[in-house]
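Structural characterization, general
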Amino acid sequence: RQASYDCWLQYEKIRDHEYYNQYVAYSRGIAVVGDSPILKSALDELERGLFSMFGQKSTVYNEAAKEASIIAGTFESIPLEDYGLNKASLINMNEEGYLLKAVKDEEKIIVAAKSDKGVLYAVHHLLRLLQLRESLKQVNIVESPKNQLRMLNQWDNMDGSVERGYSGQSIFYENHKITTNLERIKDYARLLSSIGINAISINNVNVWKVETKLITNDFLPDVAKIADILRAYGIKTFLSINFASPIEIDGLQTADPLDPDVKTWWKNKVEEIYRYIPDFGGFVVKADSEHRPGPFSYDRNHADGANLLAEALEPFGGLVIWRCFVYNCLQDWRDRSTDRARAAYDHFKPLDGDFLDNVILQIKNGPMDFQVREPVSPLFGALEKTNQMMEFQVAQEYTGQQKDLCFLVPLWKEVLEFDTYAKGEGSKVKNIVNGSLFNDKFSGICAVSNIGNDENWTGNTLAQANLYGYGRLIWNPDLTSEEIAEEWIRSTFGQDPSVVEQIKQMLLDSWSIYENYTAPLGVGWMVNPHHHYGPNIDGYEYSVWGTYHFADRDGIGVDRTIETGTGYAGQYYSPNKEMYNNLETCPDELLLFFHHVPYTYKLKSGKTVIQHIYDTHFKGAEQVEELIEKWNGLRGKIDEIRFVNVSERFQLQLKNAKEWRDQVNTYFYRKSGIADENNRTIY
Ligand code: GCW
């Protein structure tokens, strides 16, 4: 198997003698106390990681034997007092939290947690410390995840395709069946548990014909097999469902959420599912969105729709994750009064408080759709009485499709750090999605996954950093992008400082580089329709999707102000509302998202809009050349397969960047007639 398959779980042999000698003793005897599928996974991980790093098999004890140096188990199962530890002092950690501590004159490491899952996470943490060559001597870590649901959404279809997938085919399905390659799913579960993911929906939110039947006995036995595998790694299984299931599966006349027969149908259906999967997570629902069925067909609203399912799931502790990606996707481009950016807020804000307790609204990070640059969705902060969670996209649909390098952690961090002012200063998005600001019962973060059955999971090996970074960031949003990047590189490519520094810089610069050659000043959608890769300035300009830049000979941008525009800016709390609404205070990077301005408008940077467009596009393409040079400098320092994989993608990125540069510059030159101050080539 290639190194790239193991991603950040390389567990490379420790060759540094000093370090080896210091730590090898810990690996000789290990104990994982207790017996459960999750604890078995913890033991497997520990044995595998230690063997790989120290080159010797550990002796395994099933009790806290005195010969064992690493002792893992729950607080109930290991004799904490014997090691001078006090259970009461650990009470503050949450169900998934844990303690890692060196005891007995640093001869032993205690790996203790409230739950089995916590033990598994603690083991991964310990292995990570070893991979990062951290000192274990005085280790004393008390850690709890900051978010409750830490989820991935697979957009996998049962024909094996992956919607917005850039890494091969699905690892879950082939030929309209659930895969028989359960090993690969187990390996995915290993990767996910190592970064703390605890929930996954395993089919596309667009639920087509065959997929509708995933909740029938045609497929439930096989779904249960997947759930068994995932459960052993602390991951709950969810399914995306078709709102019209009662009609499509059993021929009911209606799927009206208030119809008694429909209610009974869902109750029975849910009961059946739980017979197969006793800890089934619940449903993810895309309803009345992009032509998917939903409550609107019956003149009902989204709360009616979500509550129907919530009532059925409630007795089993199941959740409804209801998506807020609801907008008019048959817009007339001539209609200037409709603004897609307003849609999620306009649909869901009036329903605040109407959803049952086990419903969570899933809100995309921005008001449009995972563009390179968008403001934060104003729905965050607006829902005070409704469980909610963030939806990010790890898959690089609009950010280079895993050909172009785009490390997304800095983008996600900006979103999580955004202050909504919902309850005055300090009402950050991260404190909304962790449930603390409004005391939500359920909350968290989910994201569209970026993996497929490519050997290296993510197409571009460097895109592994986005999956890793996503898990680490939502575990603890206070980690910095730098820390996360560095952890990933060292766990993936080893310790060579020159490699670490070089790749780190490349990752950290990459979002801004991508933004430079694609999307200036908050303009989105200048992409090829359907597949969304490469430039097409007017590709979405006269379409039904509500995605316009309104460039004419004088200017560009969408007027979303309160006075003269769509009023979108008014959906924010003050002072964000005023900041965005006023041309003078609107940040440059979102200027054209909120305002329509002349090409000659002077930015805060001192440049005109048109000169900014030219400069960033020339610069972006140059920066890609620099990335390539940097990467070439790593030849021989990392294995050839991964080196070549990334090199090939950089060539594609360069071609893409030049195309973007020339099309965007030429388009706006022709529109505006204004020459580049530096007389560079524009066609
Ligand atoms: O913008 C769209 C994507 C679709 C996706 C949709 C969604 C799964 O292009 O591919 O459908 O977002 O989030 O539902």
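Everything numeric in this text was worked out from a predicted model, so none of it was measured. (Residues numbered from 1 in each chain as written. Predicted model: local features only at pLDDT ≥ 70, side-chain atom pairs only at ≥ 80, totals over all residues. Heavy atoms only, no water.)

1. Comments concerning the packing of aromatic side chains
Here is the rule: When the centres of two rings from Phe, Tyr and Trp lie within 6.5 Å, Trp using its six-membered ring, the rings pair. Their planes under 30 degrees apart give stacked, over 60 give edge-to-face, and anything left gives tilted. By definition, any uninterrupted DSSP run of H or I lasting at least four residues is a helix, any uninterrupted run of E lasting at least two residues is a strand, and each is numbered from the N terminus. Only protein chains enter the accessibility calculation, which uses a 1.4 Å probe. A residue is then buried if its area is under 20% of the maximum for its type, exposed if over 50%, and partly exposed in between. Two thresholds decide whether a charge sits over a ring: the Lys NZ or Arg CZ must be within 6 Å of the ring centre and within 35 degrees of the ring normal.
All told, the structure shown has 36 aromatic pairs when counted by the stated rule. Their ring planes at 75° and their centres at 6.2 Å tell us that Phe172 and Tyr188 sit as a pair that is edge-to-face. Taken as a pair, Phe172 in the loop between β7 (149-153) and β8 (173-174) and Tyr188 in helix α4 (residues 182-194) lie far apart in primary sequence, 16 residues in all. Both residues of the pair, Phe172 and Tyr188, count as buried. Each residue in the set Trp265, Trp266, Tyr274, Phe280, Phe283 and Phe316 is aromatic and connected to the rest through ring pairs, giving one cluster. The ring of Tyr568 is capped by Arg560, whose NZ or CZ atom sits 6.0 Å from the centre of that ring.

2. Notes on the UniProt feature "domain: Glycosyl hydrolase family 67 catalytic" (unreviewed entry) in the protein chain
Stated precisely, the cut-off is as follows: UniProt positions are given in the numbering used here, feature names are shortened, and annotations may be inferred rather than shown by experiment.
Residues annotated by UniProt as "domain: Glycosyl hydrolase family 67 catalytic" (unreviewed entry) correspond here to residues 130-457. Taken end to end, residues 130-457 comprises 26% helix and 15% strand; its first and last C-alpha atoms sit 24 Å apart.

3. Points about the site of the ligand
What counts here: It suffices for a single heavy atom of a residue to lie within 4 Å of a molecule or strand for the residue to be listed as near it. Between N or O atoms, a polar contact is any pair within 3.5 Å; within protein, one atom must be a potential hydrogen donor and the other a potential acceptor, and residues adjacent in sequence are included only when both atoms are from side chains. Note on areas: Shrake-Rupley with a 1.4 Å probe; residue coverage comes only from the protein chains shown. For this classification, the nonpolar set comprises Ala, Val, Leu, Ile, Met, Phe, Trp, Tyr, Cys and Pro, the charged set comprises Asp, Glu, Lys and Arg, and every other residue, Gly included, is treated as polar.
Neighbouring the ligand are 15 residues, the closest being Glu163, Lys286, Lys364, Asp369 and Glu397. Glu397 is positioned such that a nitrogen or oxygen atom in its side chain is 2.6 Å from an oxygen atom of the ligand. The protein chains hide 96% of the 340 Å² of surface that the ligand would expose on its own. Residues belonging to the shell around the ligand are distributed by class as follows: four nonpolar, three polar and eight charged.

4. Digging into the UniProt feature "domain: Glycosyl hydrolase family 67 C-terminal" (unreviewed entry) in the protein chain
Under the local residue numbering, the UniProt record ascribes the feature "domain: Glycosyl hydrolase family 67 C-terminal" (unreviewed entry) to residues 458-680. Strand forms 2% of residues 458-680 and helix 51%; the C-alpha atoms that close the span are 37 Å apart.

5. Here we look at the nonpolar core
The following threshold applies: Buried residues of nine kinds, namely Ala, Val, Leu, Ile, Met, Phe, Trp, Tyr and Cys, make up a nonpolar core once their side-chain atoms join them within 4.5 Å. Contacts were defined at the residue level, with two residues in contact if any of their heavy atoms lie within 4.5 Å.
By size, the foremost hydrophobic cluster in this structure holds 221 residues, and its most contacted members are Phe283, Trp322, Tyr470, Trp631 and Phe668. When neighbours within four sequence positions are excluded, Trp631 is seen to be in contact with Leu462, Phe493, Ile503, Met506, Ile638, Arg642, Phe643, Val646, Ser647 and Phe650.

6. With respect to the sheet that holds strand β1 (residues 29-32)
What counts is decided by this rule: Note on pairing: DSSP must find at least two bridges between two strands before they are called paired. All axes are obtained by fitting lines to C-alpha atoms, using only the stretch in contact for helices, and the reported angles, taken between N-to-C directions, cover 0 to 180 degrees.
The six strands lie next to each other as β2-β1-β3-β5-β4-β6, forming an open sheet whose pairing is mixed. On the outer flanks of this sheet lie β2 (59-61) and β6 (140-143), each paired with one strand and no other. Neighbour-to-neighbour, the strand axes of the sheet open up by a mean angle of 15°, direction not taken into account. Relative to strand β5 (residues 108-113), strand β4 (residues 98-103) runs antiparallel, the two sharing six bridges. Opposite Leu100, over in β5, you have Val111 as the bridge partner. Against the sheet, helix α1 (residues 17-28) contacts β1, β2, β3 (70-74) and β5, and its axis sits at roughly 50° relative to β1.

7. Remarks on the sheet that holds strand β14 (residues 359-364)
Sheet architecture is closed into a barrel: eight strands sit in the order β7-β10-β11-β12-β13-β14-β15-β16, paired in parallel fashion. Here the strands of the sheet are splayed against their neighbours by 25° on average, with no regard to which way each runs. Two elements, strand β12 (residues 282-285) and strand β13 (residues 319-323), share four bridges in a ladder whose sense is parallel. Directly across from Gly282, in β13, lies its bridge partner Leu319. Contacts from helix α13 (residues 464-475) reach β7, β15 (388-393) and β16 (443-448), with the element oriented near 155° to β7.

8. Points about the pattern of salt bridges
In plain terms, the rule: In the sections that follow, a salt bridge refers to a side-chain nitrogen of Lys or Arg positioned within 4 Å of a carboxyl oxygen of Asp or Glu.
On inspection of all chains with the given rule, the structure shows 41 salt bridges. Glu414 is the salt-bridge partner of Arg373, the closest N and O atoms lying 3.2 Å from each other. Taken together, the residues span a long stretch of sequence, with Arg373 in the loop between β14 and β15 and Glu414 in helix α11 (residues 409-417) at a distance of 41 residues. According to the relative accessible area criterion, Arg373 is buried, its value standing at 11%. Using a relative accessible area of 43% as the deciding quantity, one classes Glu414 as partly exposed.

9. Some thoughts on unusual backbone geometry
Note the cis peptide between Ser574 and Pro575, where omega equals 0°. Along the chain, the position of Pro575 falls in the loop between β17 (555-556) and α16 (576-581). The backbone phi angle of Lys104 is positive, close to 50°, even though this residue is not glycine. With a relative accessible area of 43%, Lys104 lands in the partly exposed category. The phi angle at Arg164 is positive, at roughly 60°, despite the residue not being glycine.

10. A look at the packing of helix α15 (residues 497-517) against helix α18 (residues 609-632)
This is how it is decided: Small angles under 35 degrees read as roughly parallel and large ones over 145 as roughly antiparallel, with 65 to 115 read as roughly perpendicular and the rest as oblique. Definitions for this section: a left-handed crossing has its near helix turned counterclockwise from the far helix by less than a right angle. A right-handed crossing has that turn clockwise.
One can describe the packing of α15 onto α18 by two numbers: an axis separation of 9 Å at closest approach and a directional angle of 155°. Between α15 and α18, the crossing angle belongs to the class labelled roughly antiparallel. Note that α15 runs across α18; the crossing there is left-handed. Counted together, Gln502, Ile503, Met506, Asp509, Ile513, Asn516 and Tyr517 of α15 and Thr616, His617, Lys619, Gly620, Ala621, Gln623, Val624, Leu627, Lys630 and Trp631 of α18 form the full contact between these two elements. Taken together, the residues of the contact of α15 with α18 sort by class into eight nonpolar, six polar and three charged.

11. Things to note about the side chain of Ser58
Structurally, Ser58 is set in the loop between α2 (37-54) and β2. Note on Ser58: relative accessible area 11%, which makes it buried.

12. Things to note about the environment of Glu134
Note that Glu134 resides in the loop between α3 (116-131) and β6. Here the alpha-carbon distance between Glu134 and Glu677, two residues 543 residues apart in the chain, equals 52 Å. Ignoring any residue separated from it by four or fewer positions in sequence, one finds Glu134 in contact with Tyr19, Tyr23 and Leu129.

13. Section: the pairing of β14
The cut-off we apply is this: A crossover counts as right-handed when, viewed with the strands pointing away from the observer, the path leading from the first strand over the helix to the second turns clockwise.
Burial of β14 is extensive: six of the six residues sit out of reach of the surface. Side chains Val359, Leu361 and Ile363 of β14 all project onto a buried face; the interleaved residues Ile360, Gln362 and Lys364 project onto the opposite face, where all are buried too. As defined by bridge partners, β13 adjoins β14 across four bridges and the pair is classed as parallel. Bridge assignment links Trp322 to a residue of β14, and that residue is Leu361. Taken together, β13, helix α10 (residues 343-348) and β14 constitute a β-α-β crossover, and its handedness is right-handed.

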